[in-house]
Amino acid sequence: MMNHPIAGHAPARPSPLAHTDAPGSGGAVSAFIAPGRIRLTALPPLSLYVHFPWCVRKCPYCDFNSHAFTRDPNDAQFPETEYLDALRADLEAALPLIWGRPVHTVFIGGGTPSLLSAQAIDRLLSDLRALLPLDADAEITLEANPGTFEAAKFASFRSSGVNRLSIGIQSFNDAHLQALGRIHDAAQARRAVEIARSSFDNFNLDLMFALPGQTLAQCQADVETALSFAPPHLSLYHLTLEPNTYFHKYPPALPDDDTSADMQEWIHARTREAGYHRYEVSAYAKAHRQSRHNLNYWQFGDYLGIGAGAHSKLSFPERIVRQMRYKHPATYLAQTAAGVPIQEQHEVSARDLPFEFMLNALRLTEGFPVHRFIERTGMTMTSVEPALAQAERRGLIRRDHAGIAPTSLGQRFLNDLQALFLKDDA
Ligand code: SF4
């Protein structure tokens, strides 16, 4: 589906862990708990991400790990049971790395996980509950594509335990949906939201703006339609042309910078007026309806990612480790069957930690409390004082004894602000 939160930058630099522990099912636990270069006083909250890597077809702007299959019964279908078996095996192998830690949120993303059958989601959630200490009130989100909505199936997802839907609408305008290569039209988008509302009180609508040929009035019409459904949460993304996408190779005519800035400004004002709080670059929520899963990413919490190409960030008392599973579904299935789903893992160096933290935390409009930086990175504020002082001088952050937040200038020039925390190789 559309736009996952930035889960963190994962520079592939050599680390003691990478040298001592071959990628595999997670490696010997002793390598993770051996003495390291940082000290964490407490481990952060833990989330689970489950990746489903198939879509009906590939959208021209999409750079996610998604692979097209066809619905023609004569063609190859995605192997539902085999994939569920692999997810279970993947999770079982990873358990020693998160032993005893409660899981606060689950996000089933993709790809298009709403292609899974009702029975498959039921089995997946039963497997997760059997293997993990899931919080009783865990937020469990499923990404859904309006081209896959059937009322009975979604009611069943709800009774299996999914309690939040994130619906990839993108636009309510037929011409724009077609330009984006979406499999649904505007009528299906509206119907999907109606079905979602009948079973779920908590849901998010994903929309994009600055679409090919879009005018300010068309952008306003899209957002007004979304607001008419009173969604508890909205994600409003500026379309970007990502490398390795069809749109990057054959760029469509997009609105100019002034028009897209006007769209952005209007969105900020209109959502505020409608009672939404913009708590992150592209995320808007009604009171108490922020995405708990995404907040955990942005607060530099931990996450275990299972499934093809999924990323993990896991903390241990003296190190933070990043992992990536094999990306291609066929390779992932084969590697998981062989007991080695992890393609790459490395320890985040102390030099990279401040940047990785800021890359996430400064996306939040309210920034972060000072203690969170210390707690989640195991480092002192002194280690980032020169960068903070520079950011303050340039008017990019405001701070007091308790917290640090980007100013509106800092939010506008977020990349420049985050880059201040990069350390040179020298
Ligand atoms: S539905 Fe389109 S945007 Fe979403 S993951 Fe599939 S190909 Fe990518």
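Per-chain numbering applies: the sequence of each chain, read as written, is numbered from 1 onward. It should be noted that, the model being predicted, local features are given only for residues of pLDDT at least 70 and side-chain atom pairs only at 80 or more, the latter also being counted only at that level, while totals for whole chains, interfaces and linings use all residues. Remark: hydrogens and water are excluded; side-chain values derive from all non-hydrogen atoms of the structure.

In the annotation of an unreviewed UniProt entry, the entry for the protein reads Heme chaperone HemW, and the organism field reads Mycetohabitans endofungorum. UniProt positions are given in the numbering used here, feature names are shortened, and annotations may be inferred rather than shown by experiment. According to UniProt, the comment filed for the protein under the heading Function (unreviewed entry) is "Probably acts as a heme chaperone, transferring heme to an unknown acceptor. Binds one molecule of heme per monomer, possibly covalently. Binds 1 [4Fe-4S] cluster. The cluster is coordinated with 3 cysteines and an exchangeable S-adenosyl-L-methionine." Reading the Sequence similarities (unreviewed entry) entry of the UniProt record for the protein gives the comment "Belongs to the anaerobic coproporphyrinogen-III oxidase family. HemW subfamily."

Quick look at the packing of aromatic side chains
Two rings belonging to Phe, Tyr or Trp (six-membered ring only in the last case) form a pair when the distance between their centres is within 6.5 Å. Interplanar angles under 30 degrees mark stacking, angles over 60 mark edge-to-face geometry, and anything in between is tilted. Evaluated as defined, the whole model comprises 19 aromatic pairs. Look at Tyr279 and Trp298: their rings are 6.1 Å apart centre to centre, the planes differ by 65°, and that puts the pair in the edge-to-face class. Remark: Trp298 occurs in helix α11 (residues 292–298) and Tyr279 occurs in strand β9 (residues 277–280); sequence separation between them is 19 residues. Burial classification: accessible surface area is computed with a 1.4 Å probe over protein chains only, and a residue below 20% of its type maximum counts as buried, one above 50% as exposed, and the rest as partly exposed. A residue is classified by how much of its surface remains accessible, and Tyr279, at 3% relative accessible area, is buried. Taking the relative accessible area as the measure of exposure, Trp298 reaches 3% and is therefore buried. An aromatic cluster of at least three residues, connected via ring pairs, comprises Phe52, Trp54, Phe69, Phe78, Tyr83 and Tyr332. Two thresholds decide whether a charge sits over a ring: the Lys NZ or Arg CZ must be within 6 Å of the ring centre and within 35 degrees of the ring normal. When the ring centre of Tyr276 is taken as origin, the NZ or CZ atom of Lys286, which lies over that ring, is 4.7 Å away. The ring of Phe300 carries Lys313 above its face, with NZ or CZ at 4.0 Å from the centroid. To qualify as a helix, a DSSP run of H or I must reach at least 4 residues; to qualify as a strand, a run of E must reach at least 2; elements of each kind are numbered from the N terminus.

What to know about a negative patch on the surface
In this scheme, patches are assembled from residues that exceed 30% relative accessible area and form no salt bridge. Like charges are connected within 9 Å, while nonpolar side chains (Val, Leu, Ile, Met, Phe, Trp, Tyr) are connected within 5 Å. Only the protein chains shown count as cover for residues, and the accessible areas themselves come from Shrake-Rupley with a 1.4 Å probe. Note on definitions: salt bridges are taken to be side-chain nitrogens of Lys or Arg within 4 Å of carboxyl oxygens of Asp or Glu. Here Asp and Glu are counted as negative and Lys and Arg as positive; His is not counted, and neither are the chain ends. In this description, the location of a charge corresponds to atom NZ of lysine, CZ of arginine, CG of aspartate or CD of glutamate. A cluster of acidic residues, Asp256, Asp257, Asp258, Asp262 and Glu265, forms a negative patch on the protein surface. Owing to a relative accessible area of 47%, Asp256 belongs among the partly exposed residues under this scheme.

Quick word on the confidence of the model for the protein
A residue's pLDDT is simply how confident the predictor is in it, with values from 0 to 100. Looking at the protein as a whole, its pLDDT mean stands at 92, while 91% of the residues score no less than 70. Scored below 50 in pLDDT, residues 1–16 makes 61 contacts in the model with residues more than four places away or belonging to other chains. Counted against residues more than four places away or in other chains, residues 18–23, with its pLDDT under 50, gives 13 contacts. Contacts are assigned to residue pairs with any non-hydrogen atoms lying within 4.5 Å of each other.

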